[in-house]
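# Chains, contacts and geometry: an overview
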Amino acid sequence: SMERASRRDAAKFRLRRRVLAARSALGEEERKRFSVRMFSGVAALPEYGAARTVLAYCGFGDEPDTTSSFTGNVLAGGRRLILPRVDRERGVLVL
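Before going into details, it helps to say that this report is about the structure given with it. Everything quoted here is computed from the prediction, not taken from an experiment.

## Some remarks on the overall build of the protein chain
Counting its regular elements, the protein chain contains four helices and four strands. Scanning the protein chain from its N terminus toward the C terminus, one meets helices and strands in the order α-α-α-β-α-β-β-β. Against the compact-globule benchmark of 12 Å for 95 residues, the protein chain has a radius of gyration of 17 Å, which places it well outside the compact range. The long-range fraction of contacts in the protein chain, counting pairs at least 24 apart against all pairs at least 6 apart in sequence, stands at 57%. Total accessible area on the protein chain stands at roughly 7400 Å², and carbon and sulfur atoms take up 58% of it. A gap of 5 Å separates the mean positions of the 19 positive and 11 negative side-chain charges of the protein chain.

Rules and cut-offs
- Residues numbered from 1 in each chain as written.
- Predicted model: local features only at pLDDT ≥ 70, side-chain atom pairs only at ≥ 80, totals over all residues.
- Heavy atoms only, no water.
- Helix = DSSP H or I, 4+ residues; strand = E, 2+ residues; numbered from the N terminus.
- Rg over C-alpha atoms; globule rule 2.2 N^0.38 Å.
- Contact = heavy atoms within 4.5 Å.
- Areas by Shrake-Rupley, 256 points an atom, 1.4 Å probe, with all protein chains shown as cover.
- Lys, Arg positive; Asp, Glu negative; His and termini not counted.
- Charge placed at Lys NZ, Arg CZ, Asp CG, Glu CD.

By themselves, these observations are geometric and do not establish any function.
Structure representation (structure tokens):
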């Protein structure tokens, strides 16, 4: 129902706001350690090991840092790296 969808959307919005606030509260060193742990976990996945193409992003602000090692690891492994860009005019990601 519309009411259920509205409650779900409100709950998702509140959760997203809490997660973003927690991420913003991390210090720079803590964020770097988190980024390394997160992307090391991705690199350890068998799906990543088998992948020939990887879609990633370049984090900015308080987002996890993908550029320190993850994107370099993708390229060093001979994989194709796809980085989307934001088309702000249309409000979409472009690959």
